[in-house]
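# Overview (structure and organization)
Spelled out from the first residue to the last, the chains are:
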Amino acid sequence: QVRLVESGGGLVQAGGSLRLSCAASGTIFSPNVMGWYRQAPGNERELVATLNSGGTTNYDDSVKGRFTISRDNAKNTVSLQMNSLKPEDTAVYYCNFRFYGINSWGKGTLVTVSS
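Residues numbered from 1 in each chain as written. Predicted model: local features only at pLDDT ≥ 70, side-chain atom pairs only at ≥ 80, totals over all residues. Heavy atoms only, no water.

This part takes up the environment of Val111. When you line up the elements, Val111 lands in strand β11 (residues 109-114). In the structure, Val111 is positioned 73 residues away from Arg38 in sequence and 9.5 Å away in space, judged by C-alpha atoms. Leaving out residues up to four positions away in the same chain, Val111 has contacts with Gly9, Gly10, Leu18, Leu20, Met82, Asp89, Thr90, Ala91 and Tyr93. (Helix = DSSP H or I, 4+ residues; strand = E, 2+ residues; numbered from the N terminus. Contact = heavy atoms within 4.5 Å.)

Laid out in structure tokens, this is it:
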């Protein structure tokens, strides 16, 4: 299937920036949707942003204007540029790949935003 490996998480001050990256390997079916989701303690996993292989983006309202998702189809990578970070952005961020019945997840990377 598809293996996803995230990188780029860490500790950042409120108002700062981080860039998350996800590398996909295996059989990459197209068209597909890749994206980022996050889960904070006590909360359900929630959408951050998605970007399909045709270039269509979808952002959660909470990150619009602050986060930007991008992908390099040739390199099978997807990134999330996070600016103006807030303490409520603190969560484990997961990379996701979807192709019809295929739904693959990375192991996650922790983003901690201090106030």
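Here the narrative resumes.
Taking strand neighbours across the sheet as the criterion, the four strands line up as β1-β3-β8-β7 in an open arrangement whose pairing is antiparallel. This sheet does not close on itself; its edge strands, each paired only once, are β1 (2-7) and β7 (67-72). Here the average twist between neighbouring strands, direction ignored, is 15°. (Pairing = 2+ DSSP bridges. Axes fitted to C-alpha atoms, helices over the stretch in contact; angles between N-to-C directions.)

In terms of nonpolar packing, the biggest core is built from 29 residues, with Trp36, Leu80, Met82 and Tyr93 touching the most fellow members. Ignoring sequence-local partners within four residues, the contact set of Leu80 consists of Leu18, Arg19, Leu20, Trp36, Val48, Ala49, Phe67, Thr68, Ile69 and Tyr93. (Core = buried A, V, L, I, M, F, W, Y, C linked by side-chain atoms within 4.5 Å. Buried < 20%, exposed > 50% of the residue type's maximum accessible area, 1.4 Å probe, protein only.)

Another aspect to go through is the pattern of salt bridges. Applying the stated criterion across every chain, the model contains four salt bridges. Asp89 is the salt-bridge partner of Arg38, the closest N and O atoms lying 2.9 Å from each other. One end of the pair, Arg38, is in strand β4 (residues 33-39); the other, Asp89, is in the loop between β8 (77-82) and β9 (91-99), with 51 residues separating them in the sequence. With its nearest N and O atoms 2.8 Å apart, the salt bridge here joins Asp89 to Arg66. With Asp89 in the loop between β8 and β9 and Arg66 in the loop between β6 (57-59) and β7, the pair connects residues that are 23 residues apart, well separated along the chain. The exposure class of Asp89 is buried, given its relative accessible area of 1%. Salt bridges here are not isolated pairs; linked through shared partners, they connect Arg38, Glu46, Arg66 and Asp89. (Salt bridge = Lys/Arg side-chain N within 4 Å of Asp/Glu carboxyl O.)

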